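# Chain and residue survey
Read off the chains here:
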Amino acid sequence: MSISEHRHHQAEDVDPAEYWERRYQERQRVWSGRANPVLVDVVEPLPSGTALDLGCGEGADAVWLARRGWRVTAADVAATALERASGHAAEAGVADRIDFQRHDLARTLPDGPFDLVSAQFFQSNVELPRERILRAVAEQVAPGGLLLVVTHATVPPWSWHPHEDAVPTPEEELAALGLALDEWHTERLDTPARQVTGPDGRTATVTDNVIALRRRAR
């Protein structure tokens, strides 16, 4: 079963851009402002290159990558998120290393190739052809480049999108992508745990599905 079949309380007819604009306009900051921990763990040892940050939100991952020498294309559907991300990049002194692009990723994608394609928690509470998009961006990974996909396996009780059903394993998620696996080397396929702190100070342990694939050189 695909991860997109595990959406809850969705309004299938809601325009994604309108939905995410509302989400970002409701609060001055939606996300923590810190780079996602799996991205840091996987990418920190790598030499810098070109990167695609898929669904970049308020730009924490893009800024983290740019600070380490990466040239980043950061894409999101929400203009408000991109405006905030651009401001954060300017404050960090890396605006010249990040190209922020607005895309409804179900319709258009940034142009590659990229040495890294990062899809951190690329999940949505409205209609999203997730596997189709990930297959398309996988084609833009350069030979020798890395595709990194991280999704929620469990979420804390205060989450805005709690899972009520069984969630696919990393192996099931990988199978759902339908990639030609002879073209890829699997570097990670696991479900690490991490501690998170909620807005009211509560803590919880959550797990993530991690898929890291290295494209074989042609």
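One structure accompanies this document, and this report is about it.

Calculation rules
- Residue positions are given per chain, counted from 1 along the sequence in the order it is written.
- In keeping with the predicted nature of the model, local features appear solely for residues at pLDDT of at least 70, side-chain atom pairs appear and are counted solely at 80 or more, and the whole-chain, interface and lining totals rest on all residues.
- Side-chain calculation: all heavy atoms of the structure are included, whereas hydrogens and water are not.
- Here an axis means a line fitted to C-alpha atoms, over the contact stretch when the element is a helix, while the angle between two N-to-C directions is reported on a 0 to 180 degree scale.
- To qualify as a helix, a DSSP run of H or I must reach at least 4 residues; to qualify as a strand, a run of E must reach at least 2; elements of each kind are numbered from the N terminus.
- Under this scheme an angle from 65 to 115 degrees is roughly perpendicular, one under 35 degrees roughly parallel, and one over 145 degrees roughly antiparallel; angles in between are oblique.
- Any two residues having at least one pair of non-hydrogen atoms within 4.5 Å are treated as being in contact.
- Nonpolar residues are Ala, Val, Leu, Ile, Met, Phe, Trp, Tyr, Cys and Pro. Charged residues are Asp, Glu, Lys and Arg, and all others, Gly as well, are polar.
- Whenever two N or O atoms come within 3.5 Å, that pair is a polar contact, provided that in protein one can donate a hydrogen and the other can accept it, and provided that, for residues adjacent in sequence, both atoms are side-chain atoms.
- The classification of residues rests on relative accessible area computed with a 1.4 Å probe and restricted to protein chains. Under 20% of the type maximum is buried, over 50% is exposed, and intermediate values are partly exposed.
- The rule for pairing is simple: two strands pair if DSSP sees at least two bridges between them.
- By convention a nonpolar core is built from buried Ala, Val, Leu, Ile, Met, Phe, Trp, Tyr and Cys residues, the set being connected through side-chain atoms within 4.5 Å.
- Working definition: the arc comes from the directions between the helix axis and the C-beta atoms, pointing outward to the latter.

The axes of two packed helices give the description: the angle between them and the distance between them. It is at 9 Å that the axes of helix α5 (residues 130-138) and helix α6 (residues 170-177) come closest, and there the two elements cross at 70 degrees. Considered as vectors, α5 and α6 are oriented roughly perpendicular to each other. Of α6, the residues touching α5 (which contributes Arg130, Glu131, Leu134 and Arg135) are Glu173, Ala176 and Leu177. Each residue belonging to the contact of α5 with α6 can be placed in one class, and the counts come to three nonpolar, no polar and four charged.

As a further point, take the side chain of Asp53. Examined against the element boundaries, Asp53 turns out to sit in strand β1 (residues 50-54). Separated by 3.4 Å, the side chain of Asp53 and the backbone nitrogen of Ala62 make a polar contact. Here Asp53 is in contact with Asp61, Ala62, Val72, Thr73, Ala74, Ala75 and Ser118, once residues within four sequence places are set aside.

We now examine the pairing of β1. Where a strand is regular, its side chains alternate between the two sheet faces. In terms of burial, β1 is a largely internal element, four of the five residues being buried. Across three bridges, β1 lies against strand β4 (residues 114-120) in parallel orientation. Its bridge partner being in β4, Leu52 is matched across the sheet by Val117.

Grouped together as the largest cluster of nonpolar side chains are 26 residues, with contacts concentrated most on Val43, Leu65, Val72, Ile98, Leu116 and Leu148. Secondary-structure elements contributing two or more residues to this core are α2 (37-43), α3 (60-67), β2 (71-76), α4 (79-92), β5 (141-152) and β8 (203-215). The element contributing the most residues to this core is α3, with five residues. Setting aside chain neighbours within four positions, we find Val72 in contact with Ala51, Asp53, Ala62, Leu65, Ala66, Arg97, Ile98 and Asp99. One finds Ala119, Val149, Leu179 and Trp184 within the second-largest nonpolar core, a separate group that totals 22 residues.

Turning our attention to α6. Within α6 the residues assigned to the buried category are Pro170, Glu173, Leu174 and Leu177. Down the axis of α6, the buried set is contained in an arc of 100 degrees. They therefore lie on one face. Backbone geometry just downstream of α6 places Gly178 in the positive-phi region, at approximately 65 degrees.

Examined against the element boundaries, Arg215 turns out to sit in strand β8. Only 3.0 Å separates the side chain of Arg215 from the backbone oxygen of Ala138, close enough to count as a polar contact. At 3.4 Å, the side chain of Arg215 forms a polar contact with the side chain of Glu183. Excluding its chain neighbours within four sequence positions, the residues that come into contact with Arg215 are Ala138, Glu139, Gln140, Val141, Ala142, Pro143, Gly144, Gly145, Glu183 and Trp184.

With that out of the way, let us pick up the pairing of β4. When you tally the buried positions in β4, you get six out of seven residues, the bulk of the element. In this structure, β4 lies alongside β5, joined through six bridges in parallel fashion. Looking at β5, one finds that Ala119 is bridged to Val149.

Position of Thr205 relative to the elements: it lies in strand β8. Placed twelve residues apart in sequence, Thr205 and Ala193 show a C-alpha to C-alpha distance of 6.6 Å. Apart from residues no more than four positions distant in its own chain, Thr205 is found in contact with Thr154, Ala193, Arg194 and Gln195. One polar contact links Thr205 to Gln195, side chain to side chain, over a distance of 2.4 Å.

Now for α3. Counting buried residues along α3, six of its eight residues qualify, which places the element largely inside the surrounding structure. Buried residues in α3 make contact with α2, β1, β2, α4, β3 (98-102) and β4. Positive phi appears at Gly69, one or two residues downstream of α3, with a value of about 95 degrees.

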